[in-house]
Structure formats: structure tokens, C-alpha cells
Amino acid sequence: MDSEVGPLRAVLLHRPGNELKRLTPRNNDKLLFDSIPWVSRAQQEHDAFADVLRGRGVEVLLLADVLRTALEDQRAHAAGVHAAVDDRRLGSDLADSLRSHLTSVDAHTLAEVLMAGMTFEELPSAEGASLVRMMHHPRDFAVDPLPNLLFTRDSSAWIGDRVAISSLTMPARRRETALLDLVYAYHPRFRHAARAYGAHSAPIEGGDVMLLAPGVVAIGVGERTTPAGAESLARSVFADGLAHTVVAVPIEQSRATMHLDTVCTMVDVDAVVMYPLARDSLTAFTIKPTGDGGVKVAGPTPFLEAAAEAMEIDRLRVIDTGLDPVTAEREQWDDGNNTLALAPGVVVGYERNAETNERLAAAGIEVLPITGSELGSGRGGPRCMSCPVRRDPPPKES
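Predicted model only: the values in this text are computed from it and were never measured. As a convention, each chain's residues are numbered from 1 in the sequence order in which they are written. This being a predicted model, a pLDDT of at least 70 is required before a residue's local features are given, and a value of 80 or more before pairs of side-chain atoms are given or counted; all residues contribute to the totals for chains, interfaces and linings. Side-chain numbers come from the whole structure's heavy atoms, not from hydrogens or water.

Draft legend 1. Local environment of the sheet that holds strand β1 (residues 8–13). Pairing between two strands is assigned when DSSP locates at least 2 bridges connecting them. Put simply, DSSP H or I for four residues or longer makes a helix, DSSP E for two residues or longer makes a strand, and each gets a number counted from the N terminus. In space, the 3 strands of this open sheet follow the order β2-β1-β19, with mixed pairing throughout. The open sheet has two free edges, formed respectively by β2 (59–62) and β19 (387–391), since each of these has just one partner strand. Geometrically, the sheet is characterised by an average inter-axis angle of 20° between neighbouring strands, direction not taken into account. Examined bridge by bridge, β1 and β19 share 4 bridges and lie antiparallel to one another. Every axis in this analysis is a line fitted to C-alpha atoms, fitted for helices over the stretch in contact. Angles between the N-to-C directions lie between 0 and 180 degrees.

Encoded structure:
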């Protein structure tokens, strides 16, 4: 897979589950949600999103399903137990007790613990006193929930025929990579997939990885992806022959612009939807291999120029978010830039970003609108909520 806009054939999503029911006003900031979602409505919205994809011929894989299947393998089951139990939090005695319990449960039960977490009051009973149990509130987490599993784009990304397992930056998300690691290692569909990047490497997140064109990868560097992560991924894709150019794009380190795909996404082979304030301010460093295992770095230059040159096109068409500065800022916050391309010129976007959607339509882009009043509470749009697993190459112009 070497494009953001080639016809989408298979995608990995995560239907919101009990992990979202763990969110409270006491912990939502720590768990990276801006508000407490109405879970049943979020599930309805996500089901509608998945139906839009299926209606366009996309195979939808659900993370919970592939995780349960992977955990049927005893090696994956053992890896899942290891990922769930934190000896430093629980102490050796309580950790051993929980580890023994989880080793005995079936794949479905273990998957639920891995995704939704476990409170101290839900721990199996054990003989003897435990200071750890006594000093924790019953509803404190012995195993943290993972509400951000919803955003499958961040935890893994496919480049060519290889999968990059992200090294997630925020503590609330780090355990997600262990789940994706075992899915790609032990699920029958993926177990032979080669790796483009590993979860224990320098921090990089899939929301910062954009396949601009065959052989050209853009990587955002900001709140979540570090310069070391961008360079490490660049060296990896060069070594694997997956790219000839990487464009590293510094972005503001803020909640509103946590990933490159909150600033812009591709909507056609030569077009992006972009936050207007970023159009002239984004810069880029161009990284190329030297042929002897090293890299050469040029720049910074304006991002749009660097991208067009790497893509070998005259210019990259830009469709602005919103119609005026206030609307642009509002719709950028509401993920107006975060579209998922199903084919060249066909994207899924949140319906509430009406003015951005109108601009896209005026530019010849078909927008398939979805509702996201609850899904957006974690600051993510259709691209964030999807990990494309297979795309066809974009049709060549006749």
C-alpha cells in the first residue's frame, strides 16, 4: 500500500466498547478525552460509519474480533497476560495472583480485560491481606482501560506490504501497541506480515504518517512523534525499499494539532484539505537515502513545495478548512481536516463540518458524511478511526 487515496479494500476499525464506560470526569483528561461520551450513541455512530465503508465495498475488520482470534493462540494469550499485568503497580504478590487468574480465562474474557481494563474491586479474591488492595479505592484501575483504541490509525500503519507498529507517546496509550503487536504476530491473516517499524523504537504514531505518493512518505513531528522517531522510520523504509523520499513536517505541539492528520489529509492524488493557518506556515525537511545506509537531509522549505517536488507534480492542490478564520478554527478543532479517502476524490467526513464539506464538494470531491457528535469526544475523525490494511493503487490517468 503506497497511497492515501487508492481504492480502499480492507480497513481495521474498533467499535466503541466497555472501555468508554470507564471514563469519568475524574479520569477523562488523563485518558485523553475532552468529554464523557454517550457510549450507546457512539456505538450507533460507529456502526453507521462502518456501514458507509461496507456500502462502498470495503471489508471492515473489527479490532475486538481479530484480537479474540489472535488470543486463541496460546503464545498470544501468554503475551496478552504479560501486557495486562504491571508488577510495579500491583506488587509481586498481587501481580502473581492476577497473572494466574488471567492465564486461566478464555480468549474472549482476556480480550475484554485488555481493552476495558479491570478495577481493584474486580480482581479475583485472594487469601491473605494486601496493603495494595487496602490502600487503593475499589474503583481504581488495576489494569488501565484503553478508550483510545477507537483511533486505530495511531497504533499501526501499513507502508507497502509491511506494517509499522507505533511507539505511542502518551502513557494512557502505550499498552495499545502490545495489543496490535500480538494481533499482527498471531492472527492468521497477519502472522506472515513483515514489520516496517517496531513498538519499542523511538516515538512515532500513525496519525503522523501520510503516504503522499508511491515512494513518498510524510511524517509529522510534534506532540506525539519525535524527530528521532521520524528519522528512525525514514531509515527503516529506505532500508526496506518502501520509499525514496521522506518529508518530515514540524507541527505545533498542542492538543488541537496532535498529529499531521489533524492539519491536513489527502483527498485526491494531487489534493489535500488543509487548515488555512497551516498552508503558509508548514515547513518540511526532505530526507533521502545516500545509498550507503546513511541519509541526507535538506531544508526546511515550505511543506507544499517539498511535497510537490517529492511527488513529482507541479503543485499540490489545497482545499481550505472552513470559509473564514473563525469557522476554519472551529472546523479544524472538529476534525474537518481529518477525512478518510475511499478512492481518489471520495472521502468520509463528519457532517457537522458543513462549510469544509461544501468547499470539498465545490472542488469536485465527493463527501460521504457521518455523524460524530459522540465519536469526536476523543478528538479524532474518520481518518483517526481507521487503519487501512489494503488499498488498490490509484487508477492511472489515461
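Now that the structure has been shown, the text picks up again.
Draft legend 2. Structural detail: the pairing of strand β5 (residues 156–159). In this scheme, a residue with accessible area under 20% of its type's maximum is buried, one over 50% is exposed, and one in between is partly exposed, where area comes from a 1.4 Å probe on protein chains only. In β5, alternate side chains face the same way, and those of Ser156 and Trp158 on one face and Ala157 and Ile159 on the other are all buried. Note that β5 and strand β6 (residues 162–165) share 4 bridges and pair antiparallel. Paired with Ile159 across the two strands is Arg162, which belongs to β6. Here β5 folds back onto β6, and the loop between the two strands holds 2 residues, one of which, Gly160, carries a positive phi near 65°.

Draft legend 3. How the structure looks around the domain arrangement of the chain. Domain extents, as shown, originate in an automatic or database domain assignment. Segmentation of the chain into domains returns domain 1 (8–64 + 147–391) and domain 2 (66–143). Computed over C-alpha atoms only, the centres of domain 1 and domain 2 are separated by 31 Å. Should any heavy atoms of two residues lie within 4.5 Å, those residues are counted as being in contact. Opposite the 21 residues of domain 1 that make contact, domain 2 presents 24 residues. We define buried area as the total accessible area lost by two parts upon association, computed with a 1.4 Å probe and summed across both. For the pair domain 1 and domain 2, the two sides together bury roughly 1900 Å², of which 63% comes from carbon and sulfur. The largest per-residue losses of area from domain 1 upon contact with domain 2 belong to Arg22, Arg175 and Tyr186, which jointly make up 35% of the total buried on that side. Think of a salt bridge as a Lys or Arg side-chain nitrogen and an Asp or Glu carboxyl oxygen that are within 4 Å of each other. Here domain 1 and domain 2 share 2 salt bridges between them. Linking Arg22 and Glu122 is a salt bridge whose minimum nitrogen-to-oxygen distance equals 3.0 Å. Elements that contribute at least two residues to the side of domain 1 that touches domain 2 include exactly β2, α2 (63–71) and α8 (176–186). Ranked by the residues each element gives to the side of domain 1 that touches domain 2, the list is headed by α8, at 5 residues.

Draft legend 4. Structural context of the pattern of salt bridges. Applying the stated criterion across every chain, the model contains 26 salt bridges. Here Arg173 ties to Asp154 by a salt bridge, and the two come within 2.7 Å at their closest N and O atoms. Of the two residues, Arg173 is situated in the loop between β6 and α8 and Asp154 in helix α7 (residues 152–155); the sequence distance between them amounts to 19 residues. Assigned by exposure class, Arg173 and Asp154 land together as buried. Salt bridges here are not isolated pairs; linked through shared partners, they connect Glu4, Arg153, Asp261 and Arg383.

Draft legend 5. Looking closely at the sheet that holds strand β18 (residues 366–370). Strand order across the open sheet formed by 3 strands is β16-β17-β18, with mixed pairing between neighbours. Each edge of the sheet is formed by a strand with only one pairing partner; in this case those strands are β16 (340–343) and β18. On average, adjacent strands in this sheet sit at an angle of 30° to one another, irrespective of strand direction. Across 3 bridges, β16 lies against strand β17 (residues 346–350) in antiparallel orientation. By the bridge assignment for β17, Ala343 is matched with Val346.

Draft legend 6. Expanded view of empty space enclosed by the protein. Here the term cavity refers to a set of points on a 1 Å grid, laid over the protein atoms alone, in which a 1.4 Å probe fits but cannot get out; the term pocket refers to an open set having protein on both sides within 12 Å along at least five of seven lines, with lining residues being those that place an atom within 4 Å of a point. Grid points are joined across faces, edges and corners, and a volume is the space filled by probe spheres set on the points. Under the defined criterion, the tally for this structure stands at 5 cavities of 30 Å³ or more. Lining the largest cavity are 14 residues, and of these Met1, Glu4, Arg153, Trp158 and Leu211 sit closest to its centre. At the level of elements, β5, β8 (209–213) and β19 are the ones that each hand at least two residues to the lining of the largest cavity. Each residue receives one of three labels: charged for Asp, Glu, Lys and Arg, nonpolar for Ala, Val, Leu, Ile, Met, Phe, Trp, Tyr, Cys and Pro, and polar for the others, Gly being one of them. Looking at the lining of the largest cavity residue by residue, the classes come out as 7 nonpolar, 3 polar and 4 charged.

Draft legend 7. Spotlight on the packing of helix α3 (residues 74–84) against α8. Where α3 meets α8, the closest approach of the two axes is 10 Å, and the angle between their N-to-C directions is 175°. The angle between α3 and α8 falls in the class roughly antiparallel. Contacts from Arg75, Ala76, Ala79, Gly80 and Ala83 in α3 reach Ala178, Leu182 and Tyr186 in α8. Among the residues making up the contact of α3 with α8, the classes are represented as 6 nonpolar, 1 polar and 1 charged. The labels follow the angle: roughly parallel below 35 degrees, roughly antiparallel above 145, roughly perpendicular from 65 to 115, and oblique for the rest.

Draft legend 8. Summary view of the UniProt feature "active site" (unreviewed entry) in the chain. UniProt positions are given in the numbering used here, feature names are shortened, and annotations may be inferred rather than shown by experiment. Residues annotated by UniProt as "active site" (unreviewed entry) correspond here to Cys384. Judged by its relative accessible area of 2%, Cys384 falls in the buried class. Ignoring anything within four residues of it in the chain, the contact list for Cys384 reads Leu150, Phe151, Thr152, Arg153, Asp261 and Asn338.

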